[in-house]
Amino acid sequence: MQAKFLRPRSALLALFPALLAPGVVSAQSHVCWPEEVELSAADSDQIARRFGWTLDVDADTAIVGTPSVYPSGSAGWGAAYVFRNAGSGWQKEAKLVPGDAAAGMSFGTSVALLGDLALIGAENEGGTPTMGGPGAAYLFARSGTAWTQQAKLTASDGVNGDNFGNAVAFDTGTAVVGAWTASSGAGAVYVFGGGGSTWTENAKLAANESTSAFGHSVDVRGATVLVGAPNLPVTGAAYVFSVSGTNWSQLARLTASDAGSGDKFGFSCSLGDGTALIGANGWDLAASNEGAAYVFVGSGSAWSQQAQLLPADPENLDQFGVSTSLSGDLALVGATQSAPRTGKAYIFEREGSTWGETARLLPSDGGSGDVFGWAVAVSGSTAMVGAYNHDHQFVNDGGVYVYEGVPAPLFYCTGKTSSVACIPFLSVAGRASATDTGNFTITANDVVPSESGFVIYSFKKSNLDYHGGKLCVKSPITRTPAKAAVNTGGGCSGWVLRRNFNATIQSGNDPALTPGQLVFAQWRQRDPADPAGFGDALSDGVRFTICP
């Protein structure tokens, strides 16, 4: 294998030395996850709102459930808040309340989002502030920036105390609602099909064995439904259901390879294409309830455990796995952190079948008892973490923190063949950062022996024919001080040029090199014997973003 193909992998090993075992190759797609903003309801419903109890995000839209809102000083019915990032940051777009809002209904207990559709659970609907009703779920649709209620879903056999709506999931044409205390505590899950304002209950799901809290967590992807039952059997379990025609049937029962009593496997779950992520926040490592999360892969009735996810810094009573969210090869797992219960959330990324922890998310203004990590959601490069007990403006009004992943360096453009018949190519190690004292080394490999060179960079990409090669950066262009090539042996010529670009960032000489800035760079070197007659050699280009 040529060194050029090894370049991104070796670079990423250097990005996460403490998180990857020796010899493990990983190609994570993000190098850091800076906190972008903290969302809040910012309206008059301030007392005990618990904003961030539930949340979901899909591309540029997020929804946050607040089941404890107290409007106008009366017993609250709850609300859901929609935020949107249309290119100028996350802004509140709407506050959703059902048309039949009533005290104590707990609207916002659960939320699910898909494009312009939102499904919101109200697990105590139909009851009173002191006695829970059977529960309901409401479907809202967006047109432009306006959201309207489309349908109200209820169980055909619902009774008081079922907690129908404690968990919801949504995919095109399918709504799934958990009722974790229905059927005398065994739990149940209801599947609805339809569109617009017309929805029909198609099935009531139950496991092929005795359960407790079946439906505590649910997710759906196409014709597949995943259901968590964390209480019984004693370790907890998750169940895969699928539909054939109009008949739903259980295809698989998922349990952890190291399952133990009280693990609460299935307390949370998330489903992707052929991948299931399941939280077991009661799993014991060395003490009690440190928690774990498990990844399963498969389809139909054939599912197998691919990985057990554990934080690098487990703590007693962490409850890692209390919340989970999956987006492609990204997994986000919450841990409410018993002492001092500020909480954390963790990003894991997958290459092939190998998962590694690549980021640890902490709130910038976290405090004891915030319960940061109770709810999590990830979509693409956007991760959100709820802290429903955080004191944002008032006591326990809650907050949601937004993190945007910075992509790993990307190589582009083409190097120029030098007078020694080598094509200089780049590799990187470390991460670009405005504060990290570690190096971010940009290396040009296979360069002209003994000759000096310098990095040229700008904030725009180019692929322009230039001096017999390609100019990979676009004017205005800045250059770093020159450095001499050194002989490392091997390769085409065995010579390299290296620069720690973090020294350039942190010098302050270029005020534009700030966190979040996208940079394009390449090496340019003297080549007195240049066959093209211009006296220089050019590497390929690299694109990277500066982390905080």
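Just so you know, these numbers come straight off a predicted model, no measurement behind them.

K.L.:
What should I look at first to understand the overall build of the chain in this one?
P.N.:
If you tally the helices and strands in the chain, you get two helices and 42 strands. For the chain, whose C-alpha radius of gyration is 27 Å, the value lies close to the compact-globule estimate of 24 Å for 548 residues. Overall, the C-alpha framework of the chain stretches about 85 × 50 × 45 Å when taken along its three principal axes. Per-residue burial for the chain yields a buried fraction of 54% across its 548 residues. Partitioning the contacts of the chain with sequence separation of at least 6, the portion at a separation of at least 24 is 56%. For the chain, the computed accessible surface area is about 20,900 Å², with 51% contributed by carbon and sulfur atoms. Averaging the coordinates of the 31 positive side-chain charges in the chain and doing the same for the 45 negative ones gives two points 10 Å apart.

K.L.:
When you look at the sheet that holds strand β4 (residues 61–66) in this model, what are you seeing that I'm missing?
P.N.:
For sheets, the rule is that strands pair by backbone hydrogen bonds, running either parallel or antiparallel. The four strands lie next to each other as β3-β4-β5-β6, forming an open sheet whose pairing is antiparallel. On the outer flanks of this sheet lie β3 (54–58) and β6 (90–96), each paired with one strand and no other. Neighbouring strand axes in the sheet, compared pairwise and without regard to direction, differ in orientation by 20 degrees on average. Inspection of the sheet shows β3 paired to β4 by five bridges, in the antiparallel sense.

K.L.:
Quick question: what am I supposed to make of the sheet that holds strand β8 (residues 117–122) here?
P.N.:
Spatial strand order, β7-β8-β9-β10: four strands in an open sheet with antiparallel pairing. On the outer flanks of this sheet lie β7 (107–114) and β10 (146–153), each paired with one strand and no other. With strand direction ignored, the average angle separating the axes of adjacent strands in the sheet is 25 degrees. Pairing geometry for β8 and strand β9 (residues 136–143), over six bridges, is antiparallel.

K.L.:
Honestly, the pattern of salt bridges in this entry has me stumped. Any pointers?
P.N.:
Should the charged atoms of two oppositely charged side chains come close, the side chains can pair. A full pass over the atoms with the stated rule returns 20 salt bridges. In this structure, Lys 152 engages Glu 125 in a salt bridge whose closest nitrogen and oxygen atoms are separated by 2.8 Å. A residue pair is termed long-range when its members are at least 10 positions apart, and Lys 152 in strand β10 and Glu 125 in the loop between β8 and β9 qualify at 27 residues. Notably, a salt bridge pairs Glu 451 with Arg 526, separated by 3.1 Å at the nearest N-O pair. With a gap of 75 residues between them, Glu 451 in the loop between β33 (440–445) and β34 (452–458) and Arg 526 in strand β41 (residues 518–526) connect regions that are remote in the sequence. Since its relative accessible area comes to 45%, Arg 526 is described here as partly exposed. In the salt-bridge network here, residues are joined through shared partners; they are Asp 60, Arg 84, Glu 93, Asp 116 and Arg 142.

K.L.:
Quick question: what am I supposed to make of the packing of aromatic side chains here?
P.N.:
Aromatic ring pairs are reported here in terms of the distance separating the ring centres and the angle at which the planes meet. Going through the model one piece at a time under the given rule, you end up with 23 aromatic pairs. With a centroid separation of 5.8 Å and 65 degrees between ring planes, the pair formed by Phe 51 and Tyr 81 is classed as edge-to-face. Of this pair, Phe 51 sits in the loop between β2 (35–39) and β3 while Tyr 81 sits in strand β5 (residues 79–85); the two residues are 30 residues apart in sequence, bridging distant segments of the chain. On the accessibility criterion, Phe 51 (0% relative accessible area) is buried. Both rings, one in Phe 170 and one in Trp 199, keep their centres 5.8 Å apart while their planes meet at 50 degrees; by these two values the pair is tilted. Within this pair, whereas Phe 170 is found in strand β11 (residues 164–171), its partner Trp 199 is found in strand β14 (residues 198–205), the two being separated by 29 residues in sequence. Residue class for Trp 199 comes out buried when judged on its relative accessible area of 14%. One residue, Arg 479, lies across the ring of Phe 454, its end atom 3.8 Å from the ring centre.

Each value, and the rule that gives it
Position numbers for residues count from 1 along each chain, tracking the sequence in the order it is written. Only residues with pLDDT of 70 or above have their local features reported here, since the model is predicted, and side-chain atom pairs are shown and tallied only from 80 upward, although totals for entire chains, interfaces and linings are computed over all residues. Side-chain numbers here rest on the full set of heavy atoms in the structure, without hydrogens or water. Secondary structure elements are taken from DSSP: a helix is a run of H or I of four residues or more, a strand is a run of E of two residues or more, and numbering for both begins at the N terminus. A radius of gyration in this sense is built from C-alpha atoms; the matching globule rule multiplies 2.2 Å by the number of residues raised to 0.38. For every residue, the accessible area (1.4 Å probe, protein chains only) is compared with the maximum for its type, and the residue is labelled buried under 20%, exposed over 50%, or partly exposed between those bounds. Between two residues, a contact is recorded if the distance between any of their heavy atoms is within 4.5 Å. Areas reported as accessible are Shrake-Rupley estimates using a 1.4 Å probe. Residue values count occlusion only from the protein chains shown. We count Lys and Arg on the positive side and Asp and Glu on the negative side, and we leave His and both chain ends out. Each charge is placed at NZ for Lys, CZ for Arg, CG for Asp and CD for Glu. Paired strands, as defined in this entry, are two strands with at least two bridges between them according to DSSP. Every axis in this analysis is a line fitted to C-alpha atoms, fitted for helices over the stretch in contact. Angles between the N-to-C directions lie between 0 and 180 degrees. Salt-bridge detection follows one rule: a side-chain nitrogen of Lys or Arg within 4 Å of a carboxyl oxygen of Asp or Glu. Each aromatic pair joins two rings of Phe, Tyr and Trp (for Trp, the six-membered one) with centres within 6.5 Å, and gets the label stacked for planes under 30 degrees apart, edge-to-face for over 60, and tilted for any other angle. Charge-over-ring placement is defined geometrically: NZ (Lys) or CZ (Arg) within 6 Å of the ring centre, and within 35 degrees of the ring normal.

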